[in-house]
Amino acid sequence: MQAYSLDRPERLRAHLALQRRLYEVRPDGQGGQHWQTVSSQDEHAFEPASEPPPFSAKSFFFAERELLFRFEGGQFYSALPQVVPQVLFGLHACDLQAVAYQDQFFAQDAHYQTRRQASLLVGIDCLHSCAGGFCSTVGSGPAVRQQTADLILLPRQSADADWLLLVASEAGRLALQGLQLPQADDDWQAERVANQARVAAQQGAQEEIVAGIVRLNLGAIDSSTWEELGLRCLGCSGCTSVCPTCSCYAPLDRPSGEGNAQRERVWDSCLYQGFQQEASGHNPSATAGQRVQRFWAHKFGDAFKERFAAYGCVGCGRCDRVCPGAIGVHGVMHRLVRP
Amino acid sequence: MIDATPRRLLLLEQYADGEDARHFSLCIEQPRASDKAVLPGQFFMLTMPGVGEAPFTYISLPDAQGHFSALVRRTGLLTQALFEQPAGAILGYRGPFGRGWPLFFGDHRVLLVAGGCGLAPLAGVIEEACRPRMPAQLSVIYGARHAAAQVLGRERARWRQTLRFIETCDQAVPGQRQGSPLEHFAELFATQPPEVLLCCGPEPLMLASAEACLQRGIAADKIWLSLERRMHCADGLCGHCYLGSSYVCQDGPTYSYDRYLQLVGNSSPPAIAQHDWFC
């Protein structure tokens, strides 16, 4: 990768925002954080969050609600999203790995790809682990993998050193045109290796996650354990909403007057009781335990890992943070490895 | 890229064909050459504009003019609305989807077991076997709850002339065959034991049939089931029709029994109570 020295990340941000709509995660002043647009004149300092933001980049490409087609005057009309070129600035390795995972899953989905192809992804390496993350264990981070980003920001341990900027794709290279940056002669590879070692040490061995994955794939978990976990699932869909790789949706048809109609798709959740229920009433996943089992098989199952060359879990820890029943990833894995 | 937008489908006519079931003649408007490439056991997505979209199987497969037929049982809002449509109504079509039945015609003896509406996905296979010069290697056991619930009346009248076609009802009138399809296996296996099973019906009936055939010496990879799941998008994306790591809308709905067991993670045979044998 080509590496440049970058005196201030705000300079890159302003440059990219000149030609694209740029989004960055910022505090909302009320205790929350959101993806917000940033103009090229914006003077706010870029302050990378020490925790993954509450919401990943998922909804930028897999929209929470999206029109699929209109039926008007007896004819069907496709509806693809109108997009403008955009930049997501400051994505952590875990969230970028999730985008790469969904890029595969939605490879043939025109709505997803229309949004995705209009997007430039600027990643940022983590120098320290977030509180609940385990990217080192599932192999998604903490160093941004080159094939998941267009540009990679590398902050420095020393506050007075310039940032480094790595060019991860041809689109990233083109996006830098017009920005005069000196080539970096630092040994950035060594810095990244050191960062990875530090973060991995902070995250620890994650023994329950590792052992839980093994037990889950051995089919060693009996249904009573899953039902016990299911008792703690409220079916709130918090986990599936914040999980950056969850991709289930429901088509939703509605009449729009005068014999016209439209179909949208909306995010759905495999934890909802009616997710698989057929019109006949037959429900192959009628119990909460079956549905919880499904969710985790989808994240850690060998068959899915084989198909996507990665786990469906990127180790961001968001499910731990939102689950009111304490059956996020660490809660579940702890129970699965308990003898 | 996937085109999630339906094409126009015309409702030509419909007639009652069993309790709460109707037989629909449909026509794909401006058919393409690819519309004819349908295998028995595949399905299409039918849109009732403003109500929804649901999967149905083909009875007769699309011809060069785009004509085909389907059997629909009234079970929900969409089918209720469909039953009320007049001839000429504009519906939506996407398809075909999924994998059809493996066609074992040759020198194999094939047993078809159908329960209730499960006869519909097998109709195309039976039609194939009824063709002139096709060796009559196919036997059918068709179970229904009672006589009024039997579907595909016109087709069955024709099929009976050509094939061994056993019809049985959970509750039969005196003089008619009674009981689950499984109760007639012994009779069929006594003469010319089948080597292949194709089965479609309620899942417990399918699993019990599969186990019964395994015990009688048919290999698990020669036993095929057609699974029902909530195939909501048919593109392998929405997630609703999962069966383990597989999506039924793409990898199914037909599965060999060994693959099915692998997907549900069962190394031991499923426990099916005898009261689940019925249609």
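Rules behind the numbers
- Residues numbered from 1 in each chain as written.
- Chains lettered and ligands numbered in written order.
- Predicted model: local features only at pLDDT ≥ 70, side-chain atom pairs only at ≥ 80, totals over all residues.
- Helix = DSSP H or I, 4+ residues; strand = E, 2+ residues; numbered from the N terminus.
- Rg over C-alpha atoms; globule rule 2.2 N^0.38 Å.
- Buried ≥ 20, exposed ≤ 12 C-beta atoms within 10 Å, placed from the backbone.
- Contact = placed C-beta atoms within 7 Å.
- Nonpolar A, V, L, I, M, F, W, Y, C, P; charged D, E, K, R; others polar.
- Core = buried A, V, L, I, M, F, W, Y, C linked by C-beta atoms within 7 Å.
- Expected span 1.5 Å × (residues − 1).
- Arc of directions from axis to C-beta.
- Pairing = 2+ DSSP bridges.
- Axes fitted to C-alpha atoms, helices over the stretch in contact; angles between N-to-C directions.
- Domains from an automatic or database assignment.

1. Here we look at the overall build of chain A
So, step 1. Broken down by element type, chain A carries 14 helices and eleven strands.
So, step 2. Against the globule reference of 20 Å for 339 residues, chain A gives a C-alpha radius of gyration of 22 Å, in line with a compact fold.
So, step 3. Each of the 339 residues in chain A was classed as buried or not, and the buried ones make up 41%.
So, step 4. For chain A, the share of sequence-separated contacts (at least 6 apart) that also reach a separation of at least 24 residues comes to 72%.

2. Focus on the interface of chain A and chain B
So, step 1. Chain A puts 32 residues into the contact, and the matching count from chain B is 28 residues.
So, step 2. Contributions of two or more residues to the side of chain A that touches chain B are made by strand E4 (65–72), strand E5 (75–78), helix H4 (110–116), strand E10 (249–257) and helix H12 (302–308) of chain A.
So, step 3. Per-element tally for the side of chain A that touches chain B: the top contributor is E10(A), with six residues.
So, step 4. The residue makeup of the side of chain A that touches chain B, split by class, is 17 nonpolar, ten polar and five charged.

3. Brief notes about the nonpolar core
When a protein is soluble and globular, its nonpolar side chains tend to lie buried together.
So, step 1. Within the largest apolar cluster, 156 residues are counted, with the highest numbers of intra-cluster contacts made by A:Val122, B:Leu112, B:Leu197 and B:Leu198.
So, step 2. Here A:Val122 is in contact with A:Val87, A:Leu88, A:Phe89, A:Gly90, A:Leu91, A:Ala149, A:Asp150, A:Leu151 and A:Leu153, once residues within four sequence places are set aside.

4. Digging into helix H8 (residues 207–218) of chain A
Residues and elements named next belong to chain A.
So, step 1. Taking 1.5 Å of rise per residue, the twelve residues of H8 would be expected to cover 16 Å, and the 17 Å separating its terminal C-alpha atoms lies within 8% of that figure.
So, step 2. Every buried residue of H8 is listed here: Ile209, Gly212, Ile213 and Leu216. Along the axis of H8, the buried positions cluster into a sector of 100°, meaning they face one direction only. Within H8, the exposed residues directed more than 90 degrees away from the buried face are Glu207, Val214 and Leu218.
So, step 3. Tucked inside the fold, the buried residues of H8 contact helix H5 (135–138), helix H11 (288–300) and helix H14 (329–337).

5. Focus: the pairing of strand E2 (residues 21–27) of chain A
Residues and elements named next belong to chain A.
So, step 1. Counting buried residues in E2 gives five out of seven residues, a clear majority hidden from the surface.
So, step 2. Two elements, E2 and strand E6 (residues 86–92), share three bridges in a ladder whose sense is parallel. Bridging from a neighbouring strand, Leu22 pairs with Val87 of E6.
So, step 3. Here six bridges tie E2 to strand E3 (residues 33–38), and the two strands are oriented antiparallel to one another. The residue bridging Glu24 from the neighbouring strand is Gln36, located in E3.
So, step 4. Once E2 ends, the chain turns through five residues before running back antiparallel as E3, passing Gly29 with a positive phi of about 80°.

6. Focus on unusual backbone geometry
So, step 1. Look at the link from A:Gly141 to A:Pro142: it is a cis peptide, with omega at 10°.
So, step 2. Take A:Pro142: it is sitting in the loop between H5 and strand E8 (151–154).
So, step 3. In the segment running from B:Gly252 into B:Pro253, the intervening peptide bond is cis, with an omega of 0°.
So, step 4. Topologically, B:Pro253 is positioned in the loop between helix H6 (248–251) and strand E14 (254–256).
So, step 5. Although it is not a glycine, A:Gln206 adopts a positive phi angle of roughly 50°.
So, step 6. Residue A:Gln206 is classed as buried on the basis of its C-beta count, with 20 C-beta atoms lying within 10 Å.
So, step 7. In this structure, B:Ala234 takes a positive phi of about 70° despite not being glycine.

7. Points about the sheet that holds strand E5 (residues 67–73) of chain B
Sheets are built from strands paired through backbone hydrogen bonds, the pairs being either parallel or antiparallel.
All names here are of chain B.
So, step 1. Taking strand neighbours across the sheet as the criterion, the six strands line up as E4-E3-E6-E1-E2-E5 in an open arrangement whose pairing is antiparallel. Either end of the sheet is taken by a strand with one partner, and the two such strands are strand E4 (52–57) and E5. This sheet shows a mean twist of 40° between the axes of neighbouring strands, independent of strand direction.
So, step 2. When strand E3 (residues 43–48) meets strand E6 (residues 90–97), the two strands line up antiparallel, connected through four bridges. Residue pairing in the sheet places Met45 in a bridge with Arg94 of E6.

8. Observations concerning the domain arrangement of chain B
Residue and element names in this part refer to chain B.
So, step 1. What the domain assignment lists for chain B is domain 1 (7–97) and domain 2 (110–276).
So, step 2. Each partner contributes to the interface: domain 1 provides 17 residues, whereas domain 2 provides 19 residues.
So, step 3. Among the secondary structure elements, those contributing two or more residues to the side of domain 1 that touches domain 2 are E3, E4, E5 and E6.
So, step 4. Along the lines of polarity and charge, the residues of the side of domain 1 that touches domain 2 split into ten nonpolar, three polar and four charged.

9. Quick word on the sheet that holds strand E11 (residues 260–267) of chain A
Residues and elements named next belong to chain A.
So, step 1. Read from one edge to the other, the open sheet built from four strands follows the order E5-E4-E11-E10, with strand pairing classed as antiparallel. The sheet is open, and its two edges are formed by E5 and E10, each paired on a single side. Taking each pair of neighbouring strands and ignoring which way they run, the sheet shows an average axis angle of 25°.
So, step 2. Here E10 pairs with E11 via eight bridges, running antiparallel. Paired with Leu252 across the bridge in E11 is Glu264.

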